[in-house]
Amino acid sequence: MKVTLKVWRQSGAEDPGRFETHKVDELSPDMSFLEMLDVLNDRISVAGGEPIEFESDCREGICGTCGLVINGQPHGPEERTATCQLHMRKFSDGDVITVEPWRAKAFSVIKDLIVDRSPFDSIIAAGGFISVPTGSASDANLIPVPKEAADAAMDAAACIGCGACVAACPNSAAQLFTAAKVAHLNLLPQGQPERYIRVTKMVDTMEQFFGSCTNHGECERACPKAISVDFIAMLNRDYISSKIKNRRLAGQQR
Amino acid sequence: MAITGIVLLGYIATHMLGNLKVYFGPEDINGYGEALRDLGGHLIPRTHLLWLLRIGLTVAFVLHIHAAYSLTLLNRRQRPVAYAARREYLIASYASRTMAWTGTIVLLFLVFHLADLTWGAEPAVSGDFERGEIYNNMIATFSRWPVSLLYIVANLALGLHVFHGVWSLFQSLGISNPRFNKWRRHLALGFTVVVIGGNLTFPLAVLSGILGESGFLA
Ligand code: HEM
Ligand code: SF4
Ligand code: FES
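Residues numbered from 1 in each chain as written. Chains lettered and ligands numbered in written order. Predicted model: local features only at pLDDT ≥ 70, side-chain atom pairs only at ≥ 80, totals over all residues. Heavy atoms only, no water.

Novice: How would you sum up the overall build of chain A? Please name residues and give values.
Specialist: Counting its secondary structure elements, chain A contains eight helices and seven strands. Principal-axis analysis of the C-alpha atoms gives chain A an extent of 70 × 40 × 35 Å. Burial status across chain A gives 51% buried among its 254 residues. Residue pairs in contact within chain A that sit at least 24 positions apart in sequence constitute 68% of those at least 6 positions apart. By element, 50% of the accessible surface of chain A is carried by carbon and sulfur atoms, the whole surface being about 11800 Å². Positive and negative charge centroids in chain A, built from 27 and 33 side chains respectively, lie 7 Å apart. (Helix = DSSP H or I, 4+ residues; strand = E, 2+ residues; numbered from the N terminus. Buried < 20%, exposed > 50% of the residue type's maximum accessible area, 1.4 Å probe, protein only. Contact = heavy atoms within 4.5 Å. Areas by Shrake-Rupley, 256 points an atom, 1.4 Å probe, with all protein chains shown as cover. Lys, Arg positive; Asp, Glu negative; His and termini not counted. Charge placed at Lys NZ, Arg CZ, Asp CG, Glu CD.)

This is the structure:
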């Protein structure tokens, strides 16, 4: 099969960037979208051009490194998959496909299709952890965890930090990512000591970089892990509680 | 947004219910207006409690608009380079994406509406306006079809606004439970249909002659 690609090229943060058109033929429908880009890059290199920069690592939907806006949809037309899990058979022979990087003020373009997602790291650094004494490993199952809480925490922990939620949101808000990261700790007993300080710090850090959620719901659909917006409600509830709970009485730290 | 929104939602629901009194005739609705001014009975000087409510409502409205304005500006700045490909919104509803527009329409309508039926101010007011004669004022204003049309359009805009707002406030306040979450959309739709539907009947009833000079079908 063959397709025509309109790909975003940008040499660095200062460059205004532009679209470049490439006709790519002799493709197999069984190729993944990224393999198609690999093939194109090979041909560009052979012709003496500069390959298109894009990110990927695991290529099986678990690392969250890849991420392209394909025809206006973060991670492309396939639901519940990352860009690396998208296959050319999803397209028709002769299609024109637009490929852009995540667009958000907080995610500046490093080069071509690669964006800087370090604001996510700042959110995690603000509270996406639990404090535990190090030393020898404790016995397994020492802390009882209700099955329901474990399941819900697991659903939240499925977030791979790809940033598609921000890319999809009309407000470039990062509520879904932050909600997932807060929930997977706040739902578990191990997350309780820092529960309210965590939500305050992570939300406040998020607000330094991103837009604000107005409950459009686009993020849930774009998310390769189908993280539910229910977690955003949970985030808001914990945030409100963090402002009104007397933490001293609740036995919380500072 | 959510807290002030709830106050405003409470207001539009009460307002619609109160206005239904036109269907019981001039004495009923005019007496209702009088009763509002007498709120508090002999305990509180006349119209004081009404003014307290009006002030509360105005404060909620101003805060709501202030929050909406800053939120919209903040969010518009978050994507300096727009997507080139046409965005196909898959979940975000028409209502959720037009909140700033429908909100502005309702605000402009409100100014007109107050001039028309509360202050009796030009150029909105009808020739026959008389303070306290709520029934006649309503008939006079809606007998002008462009004004009725304006009320209908503004209420449809309010409907879109409220439809997203009612659902959204549950999310913002963190009221979420798998047991009843599917009812949040139904509640938003039901509230919108009842309140906006009720409001729409007034201009339509006057235009079609169901509400006549001296009462229901009279
Ligand atoms: C077709 C629908 C509507 C009708 C027939 C209607 C009718 C009226 C009437 C007759 C009054 C004056 C009452 C009096 O003189 O005591 C009034 C006041 C008012 N209306 Fe409406 N209205 C409608 C829709 C709306 C909507 C959608 C809003 C809000 C966005 C609204 C907000 C107000 C406000 C704030 C006042 C002033 C209340 C006060 O004086 O304390 N109305 N309306
Ligand atoms: S919530 Fe979903 S879309 Fe957002 S970063 Fe996590 S995995 Fe990606
Ligand atoms: S490359 Fe790891 S998720 Fe796509």
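Novice: Tell me what's going on with the site of ligand 1, and back it up with residues and numbers.
Specialist: All names here are of chain B. Every one of the 21 residues lining ligand 1 counts as a neighbour, but Tyr11, His15, Arg54, His113 and Asn199 are closest to it. Note that a nitrogen atom of ligand 1 is positioned 2.8 Å from one of the side-chain N or O atoms of His15. Here a nitrogen atom of ligand 1 and a side-chain polar atom of His113 are 2.7 Å apart. Where the shell around ligand 1 is concerned, the elements lending two or more residues are α1 (2–19), α5 (99–119), α6 (134–142), α7 (145–172) and α8 (181–207). With seven residues, α5 is the largest single contributor of residues to the shell around ligand 1. By residue class, the composition of the shell around ligand 1 is 13 nonpolar, six polar and two charged. (Near = heavy atom within 4 Å. Polar contact = N/O pair within 3.5 Å; in protein donor to acceptor, adjacent residues only side chain to side chain. Nonpolar A, V, L, I, M, F, W, Y, C, P; charged D, E, K, R; others polar.)

Honestly, that's just the spatial picture; any functional story needs more than this.
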